[in-house]
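# Examination of the molecular architecture
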Amino acid sequence: MTRAAWAEISTTALRHNLQRVRKAAPHSRIVSIIKANGYGHGSVRVARALADSDAFGVASIDEALELRAAGIKPPVLLLEGIFEANEVTIAQRENFLITVHHDAQIEMLESSGLKRPNAAHVWVKLDTGMHRLGYPPGKFSSAVRRLQSCDAVAPDFVVSSHLARADDRGSDATQNQIALFEQTVSGLNRPRSLANSAGVLAWPATHFEWVRPGIMLYGISPFVDSVGTDEGLQPVMTVKSKLIAVNHVSRGDSVGYGATWQCPEDMPVGVVAFGYGDGYPRHAPSGTPVLVNGIRVPMIGRVSMDMITVDLRTQPGARVGDFVTLWGDGLPVEEVARAAQTIGYELVCNIKPRVRIVET
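Residues numbered from 1 in each chain as written. Predicted model: local features only at pLDDT ≥ 70, side-chain atom pairs only at ≥ 80, totals over all residues. Heavy atoms only, no water.

## Points about unusual backbone geometry
Cis peptide bonds are those with omega within 30 degrees of zero, and the linkage from R116 to P117 qualifies with 10°. Along the polypeptide, P117 turns up in the loop between α6 (103–110) and β6 (121–125). One non-glycine residue, Q341, adopts positive backbone phi at about 55°. Residue classification places Q341 among the exposed positions, given a relative accessible area of 76%. (Helix = DSSP H or I, 4+ residues; strand = E, 2+ residues; numbered from the N terminus. Buried < 20%, exposed > 50% of the residue type's maximum accessible area, 1.4 Å probe, protein only.)

This is the structure:
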């Protein structure tokens, strides 16, 4: 028997969401971000579904090599760049695009021994306000000059930056970043990249020659005030389970570890085969929505490793074996994440290996 815990991954939704990117930024080339195992959806599976992308983006060379081993051919952008000197020649051989954000990486390129035309392709990163990776504006020009004079670097480099607050459509921060980016890179006459998912959807001035959508490809809104369907996206991951018990519990009895929830009346309580050992957020509070047979019910009590419990008073006919949706189609992951005081990114990335993946 197979345990009743699985995640359905819709490749149709992935392709729909990529087309949503193209509709929003029709004049830009697309780097589809599939780092962290495709945000928990399976990087190779996602890359194959998004084969129309112009390039893919991953965190490190190990993630990029996994794609090549699976026969994925498009260029792959290394978002954190290279970490060791030997990665320069690997990147050049495999057509990986190296993000350069620190002088140590330029030094690796300068000492690599590569020569044009067999040089590495790079994206040089400017820090416009994220203050995470990238050259500050005052040091950006000198970094660019070193790259231009380095025989190991192909002349067709791209200049990029990253948006820090584009998820908040009411903030002035994005406009300030756009202005600083344009001011700093003006005169270089190089392809530019600034837009993440929020930039693609809400900030057309960030589109430039390349966009880098991530979370929107998986049907999840990048904004603090909406869910994916509000933005014309389709959920890619739907996480499901079944009721494995229906118990009739008396008024005043507690449910779960720590006796944190007590029954206000005699009532049916359902037990669902899914817990934090599967990727459900342990800190999700009572009241977090769950679908039983497509109808919302509240989760009650603490999340266990293998199970959660749900209030079935509005579904007195529920039986063992009935279907449960934890998030996805019909129940936005953003809503579950907000109840648990986290973000949808974390929930989809945290799905554990024991959860079966069913491609639809």
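## Focus on the packing of helix α4 (residues 61–69) against helix α5 (residues 87–94)
At their nearest, the axes of α4 and α5 sit 12 Å apart, and the two run at 30° to each other. The orientation of α4 with respect to α5, classified from their angle, is roughly parallel. Between α4 and α5 lies a crossing whose hand is left-handed. Residue-level inspection shows I61, L65 and R68 of α4 in contact with α5, the latter providing E87, I90, A91 and E94. Grouping the amino acids of the contact of α4 with α5 by side-chain chemistry returns 4 nonpolar, no polar and 3 charged. (Axes fitted to C-alpha atoms, helices over the stretch in contact; angles between N-to-C directions. Parallel < 35°, antiparallel > 145°, perpendicular 65-115°, else oblique. Left-handed = near helix turned anticlockwise from the far one by under 90°. Contact = heavy atoms within 4.5 Å. Nonpolar A, V, L, I, M, F, W, Y, C, P; charged D, E, K, R; others polar.)

## Some words on the side chain of N196
Residue position: N196 is located in the loop between β8 (192–195) and α9 (197–202). A polar contact of 3.3 Å, which involves the side chain of N196, links it to the backbone nitrogen of A198. Within the local environment of N196, its side chain forms a polar contact with the backbone nitrogen of G199, the two atoms lying 3.0 Å apart. (Polar contact = N/O pair within 3.5 Å; in protein donor to acceptor, adjacent residues only side chain to side chain.)

## A short note on the pattern of salt bridges
Under the criterion given, the structure shown has 18 salt bridges. Put simply, R354 and D278 hold a salt bridge, and the shortest N to O gap is 2.8 Å. Of this pair, R354 sits in the loop between α11 (344–349) and β18 (356–359) while D278 sits in the loop between β13 (267–272) and β14 (289–292), and the two are 76 residues apart along the sequence. By sharing partners, the salt bridges in this structure join R3, D278, D306 and R354 into a single network. (Salt bridge = Lys/Arg side-chain N within 4 Å of Asp/Glu carboxyl O.)

## Overview of the pairing of strand β16 (residues 308–311)
Neither face of β16 is open: one carries I308 and V310, the other T309 and D311, and all of them are buried. As paired elements, β13 and β16 share 4 bridges and run antiparallel to each other. For G270, the partnering residue across the bridge sits in β16 and is V310. Across 2 bridges, the pairing between strand β15 (residues 295–300) and β16 is antiparallel. For I300, the partnering residue across the bridge sits in β16 and is T309. (Pairing = 2+ DSSP bridges.)

## Notes on the layout of surface pockets
Space inside the largest pocket adds up to approximately 910 Å³. Of all the elements in the fold, those that place two or more residues in the lining of the largest pocket are α2 (35–39), β6, α9, α10 (333–339) and α11. Take the lining of the largest pocket: its biggest share by element is 3 residues, from α10. (1 Å grid on protein atoms, 1.4 Å probe; cavity = no way out; pocket = protein on both sides within 12 Å on 5 of 7 lines; lining within 4 Å. Points joined across faces, edges and corners; volume = space filled by probe spheres on them.)

## With respect to the nonpolar core
Formed by 108 residues in total, the largest nonpolar core has its most connected members in L109, Y280 and W327. Residues V255, C263, M267 and I300 belong to the second largest nonpolar core, which totals 7 residues. (Core = buried A, V, L, I, M, F, W, Y, C linked by side-chain atoms within 4.5 Å.)

## Some points on α5
Restricting attention to buried positions, one finds in α5 the residues E87, V88, I90 and A91. Burial along α5 is one-sided: seen end-on, the buried residues are contained in an arc of 165°. In the core, the buried residues of α5 are packed alongside α4, β5 (96–100) and α6. (Arc of directions from axis to C-beta.)

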